[in-house]
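Analysis of the macromolecular model
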Amino acid sequence: MSNDIDVRPPDTRAVRRRVTLADRIALRIGMSLIIWSRRTHHVRPSVDFATRQRLERERRERELALLVQSAAMRMWR
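Since the model is a prediction, treat every value here as computed from it, not as a measurement.

Parameters and conventions
Residues numbered from 1 in each chain as written. Predicted model: local features only at pLDDT ≥ 70, side-chain atom pairs only at ≥ 80, totals over all residues. Heavy atoms only, no water. Helix = DSSP H or I, 4+ residues; strand = E, 2+ residues; numbered from the N terminus. Buried < 20%, exposed > 50% of the residue type's maximum accessible area, 1.4 Å probe, protein only. Areas by Shrake-Rupley, 256 points an atom, 1.4 Å probe, with all protein chains shown as cover. Patch = residues over 30% accessible without salt bridge, like charges linked within 9 Å, V, L, I, M, F, W, Y side chains within 5 Å. Salt bridge = Lys/Arg side-chain N within 4 Å of Asp/Glu carboxyl O. Polar contact = N/O pair within 3.5 Å; in protein donor to acceptor, adjacent residues only side chain to side chain.

Points about the overall build of the chain
A count of helices and strands for the chain gives two helices and zero strands. Among the 77 residues that make up the chain, the fraction classed as buried is 0%. Accessible surface computed for the chain: about 8,800 Å², of which carbon and sulfur atoms make up 59%.

Regarding a nonpolar patch on the surface
Among the surface-exposed residues, Leu21, Ile25, Ile29, Leu33 and Trp36 lie close enough to one another that they form a single nonpolar patch of about 560 Å² accessible area. Structurally, isoleucine 25 can be placed in helix α1 (residues 21-40).

What to know about the pattern of salt bridges
Under the counting rule described, the total for this entry stands at three salt bridges. Notably, a salt bridge pairs glutamate 58 with arginine 54, separated by 3.1 Å at the nearest N-O pair. Separated by four residues within a single helix, glutamate 58 and arginine 54 lie in helix α2 (residues 49-76), roughly one turn from each other. Taking the relative accessible area as the measure of exposure, arginine 54 reaches 36% and is therefore partly exposed.

Quick word on the environment of glutamate 63
Note that glutamate 63 resides in helix α2. The exposure class of glutamate 63 is partly exposed, given its relative accessible area of 40%. Engagement of the side chain of glutamate 63 in a polar contact is seen with the side chain of arginine 59, the distance being 2.6 Å.

As structure tokens, then:
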């Protein structure tokens with residue numbers, strides 16, 4: 001049984017399609033609108049107390065899970 005890993009080059013037979021001018025223009029306009037709307041909209045949405053508590057609890061749970069996982073990885077080494 002071999003431990004060799006077969007590494008194949010990427011498939012170069014696929015035809016490269018060029019992006020049309022209309023698609024480039026649409027992408028540029030869309031990105032400009034997104035950037036403009038984020039720069040001009042300064043009012044943050046209000047978050048009720050229950051949602052804020054839930055988000056804070058989920059963040060603490062993620063941090064705790066990460067700490068437990070990193071401790072387990074340290075013990076495994």
